[in-house]
Amino acid sequence: MKQFIDFIPLLLFFIVFKIDPRIVDIGGHQLSVGGIYSATAVLIISSLVVYGTLYIKQRKLEKSQWLTLIACLVFGSLTLAFHSETFLKWKAPVVNWLFALGFIGSHFVGDQLLIKRIMGHALTLPEPVWTRLNIAWIGFFLFCGAANLFVAFTFQSYWVDFKVFGSLGMTLLFLVAQGIYLSRHLHDADTTTPKTED
């Protein structure tokens with residue numbers, strides 16, 4: 001669910017980006033709507049609204065949500081300040097690679113792998129499975145970052161479409177593959193878990 005909440009600002013960004021650029025009059029003020037820069041402004045505002053609402057409701061944000069929000073504010077603001085979409089093109093690769101770095105670091109820092117900290121409350125798995133799962137997330141984030149960077153600077157007319165739907169598609173495919181992989185190991189985990197008497 002958290003993954004899909006992160007896509008709300010991206011979808012709004014996509015919708016505004018696809019609007020033919022035009023000037024609209026709102027309350028006596030003329031605003032440019034459509035294209036990359038107004039879409040970037042919508043991305044920043046909607047991210048603040050979405051994550052601000054989550055913070056008010058939950059009294060906290062996950063570290064990944066803080067990272068996504070800060071990256072959106074930094075890269076989005078640079079895009080608007082310097083009127084260059086290059087900054088925004090680097091947002092997805094940098095965020096994905098920072099996530100990968102977090103999963104890599106958990107192999108060396110702390111007493112639990114990051115994936116176990118995230119999912120351990122809901123699943124009981126053998127340690128080798130947690131390790132393989134953590135490595136799979138590292139590979140996923142490295143691949144997503146590289147794919148976003150490649151498309152953004154090689155197929156520039158499609159990079160916004162890929163940023164939204166390519167990222168969503170890769171995430172869905174990976175989650176399905178993870179679910180299939182986990183289903184093969186949940187039975188093994190159950191048989192190794194001591195059963196309590198009622």
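Looking at an unreviewed UniProt entry, one finds the protein named Inner membrane-spanning protein YciB and attributed to Pseudomonas cucumis. Under the Sequence similarities (unreviewed entry) heading, UniProt states for the protein: "Belongs to the YciB family."

> How do you make sense of the packing of helix H4 (residues 63-82) against helix H6 (residues 91-105) when you look at a structure like this?
Pairs of packed helices are described in terms of their axes, by the angle between the two and the distance that separates them. Between H4 and H6, whose axes approach to 10 Å, the crossing angle comes to 155°. With respect to H6, the axis of H4 lies roughly antiparallel. By crossing handedness, the relation of H4 to H6 is classed as right-handed. For the pair H4 and H6, the contacting residues are Ser 64, Leu 67, Thr 68, Ala 71, Cys 72 and Phe 75 in the first and Lys 91, Val 94, Val 95, Leu 98 and Phe 99 in the second.

> Explain a nonpolar patch on the surface here, please?
Among the surface-exposed residues, Tyr 55, Ile 56, Trp 66, Ile 70 and Val 74 lie close enough to one another that they form a single nonpolar patch of about 480 Å² accessible area. For the nonpolar patch, the secondary-structure elements that each account for two or more residues are helix H3 (36-58) and H4. With three residues, H4 is the largest single contributor of residues to the nonpolar patch.

> What should I look at first to understand the pairing of strand E1 (residues 22-26) in this one?
Strand residues, when the strand is regular, have side chains that alternate between the two faces of the sheet. As judged from the five bridges shared by E1 and strand E2 (residues 29-33), these two strands associate in the antiparallel manner. Across the sheet, the residue bridging to Ile 23 is Ser 32, located in E2. Adjacent in sequence and paired antiparallel, E1 and E2 are bridged by two residues, among which Gly 27 carries a positive phi angle near 60°.

> I'm lost on the confidence of the model for the protein in this one. Help?
For any part of a model where pLDDT is low, the fine detail of the predicted coordinates should not be relied upon. In the predicted model, the protein carries a mean pLDDT of 87, and 92% of its residues have values of at least 70. Note on residues 189-198: pLDDT under 50 across the span, and five contacts to partners over four residues away in sequence or across chains.

> Looking at this structure, how should I read empty space enclosed by the protein?
The rolling of a water-molecule-sized probe over the atoms marks out the regions of remaining empty space. Taken as a whole and judged by the stated rule, the model has one cavity of 30 Å³ or more. Each pocket or cavity is described by its volume, and for the largest cavity that value is around 50 Å³. Every residue lining the largest cavity is listed: Lys 89, Ala 92, Pro 93, Asn 148, Ala 152, Trp 159 and Lys 163. Contributing elements (two or more residues each) for the lining of the largest cavity: H6, helix H8 (127-154) and helix H9 (159-192).

> It is not clear to me how the packing of aromatic side chains should be interpreted in this structure. Could you clarify?
We describe a pair of aromatic rings using the distance from one ring centre to the other and the angle between the two ring planes. Applying the stated criterion across every chain, the model contains 14 aromatic pairs. Aromatic side chains Trp 137 and Phe 174 sit 4.6 Å apart centroid to centroid with 75° between the ring planes, which places their arrangement in the edge-to-face category. Of this pair, Trp 137 sits in helix H8 while Phe 174 sits in helix H9, and the two are 37 residues apart along the sequence. The same class applies to Trp 137 as to Phe 174, namely buried. Among the aromatic residues, those joined into a cluster by ring pairs are Phe 99, Phe 103, Trp 137, Phe 140, Phe 141 and Phe 174. Cation over ring: Lys 89 sits above Phe 153, and NZ or CZ is 5.3 Å from the ring centre.

> Sorry, what's going on with the side chain of Asn 148 here?
With respect to the secondary-structure elements, Asn 148 resides in helix H8. When sequence neighbours within four positions are dropped, the list of residues in contact with Asn 148 reads Ala 92, Pro 93, Asn 96, Phe 162, Lys 163, Ser 167 and Met 170.

Rules used throughout
Residues numbered from 1 in each chain as written. Predicted model: local features only at pLDDT ≥ 70, side-chain atom pairs only at ≥ 80, totals over all residues. Heavy atoms only, no water. UniProt positions renumbered as here; feature names shortened; annotations may be inferred. Axes fitted to C-alpha atoms, helices over the stretch in contact; angles between N-to-C directions. Helix = DSSP H or I, 4+ residues; strand = E, 2+ residues; numbered from the N terminus. Parallel < 35°, antiparallel > 145°, perpendicular 65-115°, else oblique. Left-handed = near helix turned anticlockwise from the far one by under 90°. Contact = heavy atoms within 4.5 Å. Patch = residues over 30% accessible without salt bridge, like charges linked within 9 Å, V, L, I, M, F, W, Y side chains within 5 Å. Areas by Shrake-Rupley, 256 points an atom, 1.4 Å probe, with all protein chains shown as cover. Salt bridge = Lys/Arg side-chain N within 4 Å of Asp/Glu carboxyl O. Pairing = 2+ DSSP bridges. pLDDT = per-residue confidence, 0-100. 1 Å grid on protein atoms, 1.4 Å probe; cavity = no way out; pocket = protein on both sides within 12 Å on 5 of 7 lines; lining within 4 Å. Points joined across faces, edges and corners; volume = space filled by probe spheres on them. Phe/Tyr/Trp six-rings, centres within 6.5 Å; stacked < 30°, edge-to-face > 60°. Buried < 20%, exposed > 50% of the residue type's maximum accessible area, 1.4 Å probe, protein only. Lys NZ or Arg CZ within 6 Å of the ring centre and 35° of its normal.

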